Amino acid sequence: MCNLPEDKCTGCGTCVASCPFKAISMKEDNEGFLYPYIDTSKCKKCGLCEKRCPVLKVKKYRKNDFSIYAAYTKNKSILLNSSSGGIFYELASNVISLGGIVYGVTYDKIKGAYHIPVDKIENLKNIMGSKYLQANASLVFPKIKEELTQGKTILFSGSPCQVAGLKDYLVKDYENLITIDFICTGVPSSKVFKEYIRYWENKYNDTFKTIDYRNKQDSWYNYKLKIEFEHKTRYENRFFSPLILLQYNHFSLRRSCYNCNFRKGNSPSDIELGDFWNVDLVNKEIYNKNGVSCVIIKSDKGAKLFNKILNNIKLTQVSEKDLLKVNKSYDNFCMDKEKRDNFFNEFINSTDRISIIKKYTNYSFKQKFRIKKNLLVLKLKNK
Ligand SMILES: Cc1cc2nc3c(=O)[nH]c(=O)nc-3n(C[C@H](O)[C@H](O)[C@H](O)COP(=O)(O)OP(=O)(O)OC[C@H]3O[C@@H](n4cnc5c(N)ncnc54)[C@H](O)[C@@H]3O)c2cc1C
C-alpha cells in the first residue's frame with residue numbers, strides 16, 4: 001500500500017519507473033486519472049517507490065528571483081502551430097540541431113497523450129502544442145537515464161510534477177539534462193474527454209480521428225478546439241467548448257492539482273513556459289495576435305539555452321508582478337475541490353453523462369450575450 005494519499009498523488013509515475021521489481025503500473029481510476037497500482041505478489045517492500053516520490057518529501061525548489069520575458073517566435077508558421085508563442089519549438093530545434101534529443105508529449109486516439117523522443121527537427125510537430133490530458137511520462141524515464149549516461153544532451157518537456165519526478169528518479173544532477181515545464185492549472189480527466197468525443201461520434205455517426213486543442217485560424221485569443229472525425233471536422237470556440245469550460249472552471253481536473261506544491265515557479269525546471277494572455281496590458285509593443293508565451297528562466301542552464309535562440313524570437317523582459325497581474329494560474333492558489341467533487345459524483349453515477357457535462361457548462365442567456373459581445377469587440381479591434 002502506498003503511503004501517499006490519493007488526493008496528493010500527481011500521477012507522475014516516478015514510483016513506476018523506480019521499482020526494481022516492476023511491481024507498479026499505472027491504471028486509470030473511475031474518474032479517468034492515472035494512479036499507481038502495486039502488484040503485491042511482485043512487491044518486495046524495498047521502499048524505493050516512496051523514497052523517490054517527489055510529493056512525499058515536499059521541497060522548496062525556488063531559490064532565486066527569475067528572469068521573466070514575454071516572447072514569441074518570428075516564424076509565423078511555427079507560431080500558428082504552437083499553443084502560445086512557439087518558444088518550445090525554438091528551444092527544442094536548437095537542442096536537436098546540436099545533436100540532442102527532445103522528449104515531449106504527442107497524442108493519438110489509441111494511447112492518448114504520452115511522451116516520445118524526437119531527434120529530427122521535422123518531427124517536432126508531433127510534440128508541439130498543448131494536449132489537455134495527462135501524459136504517462138514514466139514510460140520514458142529509464143530511456144532518458146540511459147541516454148544521459150551515454151552523454152547525450154536531453155531536453156525534457158512536461159508538467160511541473162513530471163519534471164520533479166524525473167529529477168527524483170535520476171537522483172543525481174546531469175549537466176546534459178535540460179528541463180522545461182509549463183504554468184499549469186491542472187490536467188483534465190481522460191474519461192470526461194472520451195465521453196464527450198463518444199457523444200459526437202454517435203451524433204455524427206462518424207469515427208473520431210484526432211484533436212487540435214488550439215486552432216488559431218481566427219486568432220490566438222479566440223482559438224478553437226478542432227475535433228477531426230473521418231468525414232467531418234468540428235470547431236468549438238474556446239468560450240463555448242464544454243471540454244475547455246470544464247477545465248478552465250476547474251471542474252474536471254485531477255484531485256492533486258487543487259492544492260499543488262509546484263506553482264509560482266516552485267518546480268525544479270530550468271525554463272517554465274506559459275500563455276501570456278493580455279500581454280498588452282503589461283507591454284503593448286510585444287502583443288501578437290497569433291500568440292505570446294511567457295518564458296521564466298530559472299537556472300543558468302536555462303539562460304544558456306534561451307540565449308541561443310534570441311535571434312529567432314521577439315522578446316521583452318517583464319517583472320513577476322506584471323506576470324501575476326495577467327496570469328492567475330501562475331499564482332499559488334487553491335481551487336475549490338468541493339465543486340469538482342460534486343461534478344465527478346454526478347458524472348460518474350449518471351447514465352446520461354453528456355447531460356452532466358452540459359449542466360456544468362451551461363451559460364445563461366445574459367452570459368452568452370456578454371461573451372458574444374466581447375468577441376465582437378475583439379474582432380473589431382483585430383485581436
Ligand atoms: C495540461 C496543460 C495545462 C496548462 N495550463 C496552463 C495555464 O493554466 N496557464 C498557462 O499560462 N499555461 C498553461 N499551459 C501551457 C501552455 O498551454 C503552453 O504549453 C505554453 O504556453 C507553451 O507554449 P509554446 O507555444 O511555447 O509551445 P508549445 O508548442 O505549445 O509546447 C507545448 C509543450 O508542452 C508539452 N505538452 C503538451 N501537452 C502536454 C501534457 N499533456 N503534459 C505534459 N507536457 C505537455 C509539449 O510536449 C511541448 O513541449 C498548460 C499546458 C498544458 C499541457
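Just so we're clear, the structure is a prediction, and the values are computed from it rather than from any experiment.

### Observations regarding the site of the ligand
So, step 1. Near the ligand lie 33 residues; those nearest to it are Ser82, Ser83, Phe88, Gly104 and Gly274.
So, step 2. When residues of the shell around the ligand are traced back to their parent elements, those giving at least two are helix 4 (87–97), strand 4 (101–108) and strand 11 (271–275).
So, step 3. Taken together, the residues of the shell around the ligand sort by class into 15 nonpolar, 16 polar and two charged.

### Considerations on the sheet that holds strand 9 (residues 224–229)
So, step 1. The three strands lie next to each other as 8-9-10, forming an open sheet whose pairing is antiparallel. Both outer strands of the open sheet, strand 8 (208–215) and strand 10 (233–237), are each paired with one neighbouring strand and no more. Adjacent strand axes in the sheet meet at a mean angle of 15°, parallel and antiparallel pairs treated alike.
So, step 2. Judged from the five bridges that link them, strand 8 and strand 9 form a sheet pairing that is antiparallel.

### Focus on the nonpolar core
So, step 1. The biggest cluster of nonpolar side chains holds 85 residues, and the ones touching the most others in it are Ala70, Leu91, Leu155, Phe156, Ile271 and Val295.
So, step 2. Counting residues per element, this core draws most heavily on helix 4, which supplies six residues.
So, step 3. Not counting residues up to four positions away in its chain, the partners in contact with Val295 are Tyr69, Ala71, Ile87, Ile271, Leu273 and Phe306.

### A look at unusual backbone geometry
So, step 1. Of note, the phi angle at Lys45 is positive, near 55°, even though the residue is not glycine.
So, step 2. Mapped onto the elements of the fold, Lys45 is located in the loop between strand 2 (34–38) and helix 2 (48–52).
So, step 3. Exposure remark for Lys45: the 10 C-beta atoms within 10 Å place this residue in the exposed category.
So, step 4. One non-glycine residue, Asn205, lies in the positive phi region at around 50°.
So, step 5. By the secondary structure assignment, Asn205 is in the loop between helix 7 (190–204) and strand 8.
So, step 6. In this structure Asn205 comes out as exposed when scored by C-beta crowding, with 9 C-beta atoms within 10 Å.

### Some points on the environment of Ser18
So, step 1. Relative to the assigned elements, Ser18 resides in helix 1 (residues 14–18).
So, step 2. Separated by 339 residues in sequence, Ser18 and Ile357 place their C-alpha atoms 37 Å apart.
So, step 3. Setting aside residues up to four positions removed in sequence, Ser18 forms contacts with Leu48, Cys49, Arg52 and Tyr169.

### Some details on the packing of helix 7 against helix 12 (residues 353–360)
So, step 1. At a closest axis distance of 10 Å, the pairing of helix 7 and helix 12 adopts a crossing angle of 105°. Taken together, the axes of helix 7 and helix 12 are roughly perpendicular relative to one another. Across the interface between the two elements, Val192, Glu195, Tyr196 and Tyr199 from helix 7 touch Arg353, Ile354 and Ile357 from helix 12.
So, step 2. Per-class residue counts for the contact of helix 7 with helix 12 are five nonpolar, no polar and two charged.

### Let's talk about the environment of Ile110
So, step 1. Mapped onto the fold, Ile110 is located in the loop between strand 4 and strand 5 (112–118).
So, step 2. Considering only alpha carbons, one finds Ile110 and Lys209, 99 residues apart in sequence, at a separation of 9.8 Å.

### Describing the sheet that holds strand 11
So, step 1. Read from one edge of the open sheet, eight strands run 5-4-6-7-11-12-3-13, paired in mixed fashion. The sheet is open, and its two borders are formed by strand 5 and strand 13 (313–318), each paired with just one other strand. For this sheet, the mean angle separating the axes of adjacent strands, direction not counted, is 25°.
So, step 2. For strand 6 (residues 154–157) and strand 7 (residues 177–182), the ladder comprises four bridges, and the chain directions are parallel. Counterpart to Ile154 in the pairing with strand 7 is Leu177.
So, step 3. Sheet strands in contact with helix 9 (residues 300–308) are strand 3 (67–73), strand 7, strand 11 and strand 12 (293–297), and its direction is about 135° off that of strand 12.

### Examining helix 11 (residues 337–349)
So, step 1. Given a rise of 1.5 Å per residue, 13 residues ought to cover 18 Å, and the 18 Å separating the end C-alpha atoms of helix 11 matches this to within 8%.
So, step 2. What helix 11 keeps buried is the set Arg340, Phe343 and Phe347. In a view along the axis of helix 11, the buried residues occupy a sector of 65°, so they form one face of it. Exposed residues on helix 11 whose side chains face more than 90 degrees from its buried face are Glu338, Asn345 and Asn349.
So, step 3. Residues of helix 11 that are buried make contact with helix 7 and helix 12.

Conventions we followed
Residues numbered from 1 in each chain as written. Predicted model: local features only at pLDDT ≥ 70, side-chain atom pairs only at ≥ 80, totals over all residues. Near = placed C-beta within 6 Å. Helix = DSSP H or I, 4+ residues; strand = E, 2+ residues; numbered from the N terminus. Nonpolar A, V, L, I, M, F, W, Y, C, P; charged D, E, K, R; others polar. Pairing = 2+ DSSP bridges. Axes fitted to C-alpha atoms, helices over the stretch in contact; angles between N-to-C directions. Core = buried A, V, L, I, M, F, W, Y, C linked by C-beta atoms within 7 Å. Buried ≥ 20, exposed ≤ 12 C-beta atoms within 10 Å, placed from the backbone. Contact = placed C-beta atoms within 7 Å. Parallel < 35°, antiparallel > 145°, perpendicular 65-115°, else oblique. Expected span 1.5 Å × (residues − 1). Arc of directions from axis to C-beta.

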